[in-house]
Amino acid sequence: MAKIVKNGNKLVVPDELTLPYIEGDGVGVEITNACKKIVDHTISTVYKGSKKIEWLEVLGGEKAYNKTSQWLPEETMNTFKEYLIGIKGPLATPVGGGSRSLNVALRQELDLFVCLRPVEWFKGVSSPLKEPEKVNMVVFRENTEDIYAGIEWESNTEEAKKFYNFLKDEMGVKKVRFPETSSFGVKPVSQEGSSRLVRAAIEYAINNKKPSVTLVHKGNIMKFTEGGFKKWGYEVAEKEFKDYTFTMNEYAAIKKEKGAEAADKAYDEALKAGKVIIKDNIADAFLQNTLLKPEDYSVIATLNLNGDYISDQLAAMVGGIGIAPGANINYNTGHAIFEATHGTAPDIAGKNIVNPCSMLLSFAMLFEYISWNEVSQKINNALVESFGNGYATHDLARFMENGTSLSTSDFAENIIKLIR
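Residues numbered from 1 in each chain as written. Predicted model: local features only at pLDDT ≥ 70, side-chain atom pairs only at ≥ 80, totals over all residues. Heavy atoms only, no water.

1. Re the overall build of the chain
Stage number 1. The helix and strand tally for the chain stands at 15 helices and 17 strands.
Stage number 2. A globule of 420 residues ought to have a C-alpha radius of gyration of about 22 Å, and the chain, at 23 Å, matches this closely.
Stage number 3. If you line up the chain on its principal axes, its C-alpha atoms span 60 × 60 × 45 Å.
Stage number 4. Put simply, the chain has 420 residues, and 50% of those count as buried.
Stage number 5. Here the contacts in the chain between residues at least 6 apart in sequence split such that 73% fall between residues at least 24 apart. (Helix = DSSP H or I, 4+ residues; strand = E, 2+ residues; numbered from the N terminus. Rg over C-alpha atoms; globule rule 2.2 N^0.38 Å. Buried < 20%, exposed > 50% of the residue type's maximum accessible area, 1.4 Å probe, protein only. Contact = heavy atoms within 4.5 Å.)

2. Looking at helix α3 (residues 74-83)
Stage number 1. Of the residues making up α3, those classed as buried are Thr-76, Met-77, Thr-79, Phe-80 and Tyr-83. Looking down the long axis of α3, one finds its buried residues gathered within 160° of arc, a one-sided arrangement.
Stage number 2. Contact partners of the buried residues in α3: β3 (16-22), β4 (52-57), β5 (85-88), α4 (102-109) and β15 (336-340).
Stage number 3. Where α3 ends, the next residue or the one after it, Leu-84, has phi of about 70°, a positive value. (Arc of directions from axis to C-beta.)

3. Considering the environment of Asp-410
Stage number 1. With respect to the secondary-structure elements, Asp-410 resides in helix α15 (residues 408-419).
Stage number 2. On the accessibility criterion, Asp-410 (45% relative accessible area) is partly exposed.
Stage number 3. Note: C-alpha distance between Asp-410 and Asp-308 (102 residues apart in sequence) is 32 Å.

4. Description of the sheet that holds β4
Stage number 1. Pairing in this open sheet of 11 strands is mixed, and the strands run β4-β3-β5-β15-β14-β6-β7-β13-β10-β12-β11 from one edge to the other. Two strands in the sheet have a free side with no partner beyond their single neighbour: β4 and β11 (245-247). Within the sheet, the average angular offset between the axes of one strand and its neighbour, ignoring direction, is 25°.
Stage number 2. As paired strands, β5 and β15 are joined by four bridges and run parallel to one another. Of the residues in β15, the one forming a bridge with Gly-86 is Ile-337.
Stage number 3. Lying on the sheet, helix α6 (residues 191-207) is in contact with β6 (114-120), β7 (136-142), β10 (212-217), β11, β12 (276-282) and β13 (299-302); it crosses β7 at an angle near 160°.
Stage number 4. Across the sheet, helix α8 (residues 248-258) lies against β11 and β12, angled at about 55° from β11, the strand it touches most. (Pairing = 2+ DSSP bridges. Axes fitted to C-alpha atoms, helices over the stretch in contact; angles between N-to-C directions.)

5. Looking at a negative patch on the surface
Stage number 1. There is a patch of like negative charges on the surface, built from Glu-261, Asp-264, Asp-268 and Glu-269.
Stage number 2. Its location among the elements puts Glu-269 in helix α9 (residues 260-272). (Patch = residues over 30% accessible without salt bridge, like charges linked within 9 Å, V, L, I, M, F, W, Y side chains within 5 Å. Areas by Shrake-Rupley, 256 points an atom, 1.4 Å probe, with all protein chains shown as cover. Salt bridge = Lys/Arg side-chain N within 4 Å of Asp/Glu carboxyl O. Lys, Arg positive; Asp, Glu negative; His and termini not counted. Charge placed at Lys NZ, Arg CZ, Asp CG, Glu CD.)

6. Some words on the packing of aromatic side chains
Stage number 1. Following the criterion strictly, the structure yields 16 aromatic pairs and no others.
Stage number 2. Judged by centre distance (5.4 Å) and plane angle (55°), the ring pair of Phe-163 and Phe-184 falls under tilted. On the criterion of sequence distance, the pair formed by Phe-163 in helix α5 (residues 158-170) and Phe-184 in strand β9 (residues 184-185) is long-range, its members being 21 residues apart. A single burial state applies to Phe-163 and to Phe-184, both of which are buried. (Phe/Tyr/Trp six-rings, centres within 6.5 Å; stacked < 30°, edge-to-face > 60°.)

7. Describing the packing of helix α1 (residues 28-47) against helix α12 (residues 357-369)
Stage number 1. Contact pair α1 / α12: the axes reach a minimum separation of 9 Å and the direction vectors enclose 40°. In terms of their interaxial angle, α1 and α12 are classed as oblique. In this structure, the crossing between α1 and α12 has a hand that is right-handed. Of α12, the residues touching α1 (which contributes Ile-31, Thr-32, Cys-35, Ile-38, Val-39 and Ile-43) are Met-359, Leu-360, Phe-363 and Phe-367.
Stage number 2. Residue classes in the contact of α1 with α12 are distributed as nine nonpolar, one polar and no charged. (Parallel < 35°, antiparallel > 145°, perpendicular 65-115°, else oblique. Left-handed = near helix turned anticlockwise from the far one by under 90°. Nonpolar A, V, L, I, M, F, W, Y, C, P; charged D, E, K, R; others polar.)

8. A look at the nonpolar core
Stage number 1. Residues Val-213, Phe-367, Ile-370, Trp-372, Leu-383 and Phe-387 are the most contacted members of the largest nonpolar core, which totals 78 residues.
Stage number 2. Apart from residues no more than four positions distant in its own chain, Phe-367 is found in contact with Val-39, Ile-43, Ile-53, Trp-372, Asn-373, Val-375 and Ser-376.
Stage number 3. One finds Val-135, Met-137, Tyr-297 and Val-318 within the second-largest nonpolar core, a separate group that totals 14 residues. (Core = buried A, V, L, I, M, F, W, Y, C linked by side-chain atoms within 4.5 Å.)

Written out as structure tokens, the structure is:
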């Protein structure tokens, strides 16, 4: 079994690559099998046998529980650690109780601190926007901190009472309106966690010639957590990327010292020099602005909860989460897990109607990550052609002009035909 290894800043990828995968719950079985067929065919078409994938299934979710009585076996985690990269279908997450989110567990155990969500419109796909072609963003969502750290205590428990008493007696907190029935959660946001996320976003923008990085936060209300994220983000840009970026902090300082005309001139000169503009936006204003003027945004860096909302809204703007890919990455160690970003959809599981494109586009991201770019490009080109001709699964086809609804398996065969 051939593994990827990290040598300095580079991934060393074998020609015969073993790829661990979790099939997923609900519709995961259907989309995983459809995507594996497409991927195998694409690699064979592109590389003529010189490169190939050896599939290694690892257990997670309901399938794992039924076989091992564990939702996420240690063997699965160890395999992802050993092989560096993998992919997974959707996994069920109980609401209000039960097992911890398996997705969050994977991200935190492997320290996959970036949730990477590219958002771009495919011609032919129906969108609620008049000009969806203006949407072209990449979201860097911090993946290990914020309220997703899972530090909380349920109301009417001894732990909640103890925590409240600490707030009241030791910290002098008097703003809990209904302490007897309150649940409590802690929102950790660190300088290290914020800085490495913003650093990755800026490096991506520089390497991919993107015009800007926007720090999205709610620092006007949460001044030390979300406000800290903004502060530390600007510090990373100004200390580590001074030759490659121009920040709105710099703009404000020039404006204060020399006036608006000088600040505008410095801004224009930075644009002409190809520097990445580092700016920030309050989260609620950002959500509005992405609808009104999406062309103003390119790379987005934000905290965990904001990123959850933002990713799904942007996906809806270009046709829905069914065509939204995602990856969870640690750029320092090389570990990455790519995933379908939607849920398990148990109501349509087994009906052969689910859209596999979220997972398929995540496969395309995976192949970009390991520099098998020809495979990624073939998949993207086939989707462009299929959607352009009105061929899609029913969730998309029903809104297309002259759309033709295909089953999951027929859609996969159509993509294979286009790649052929």
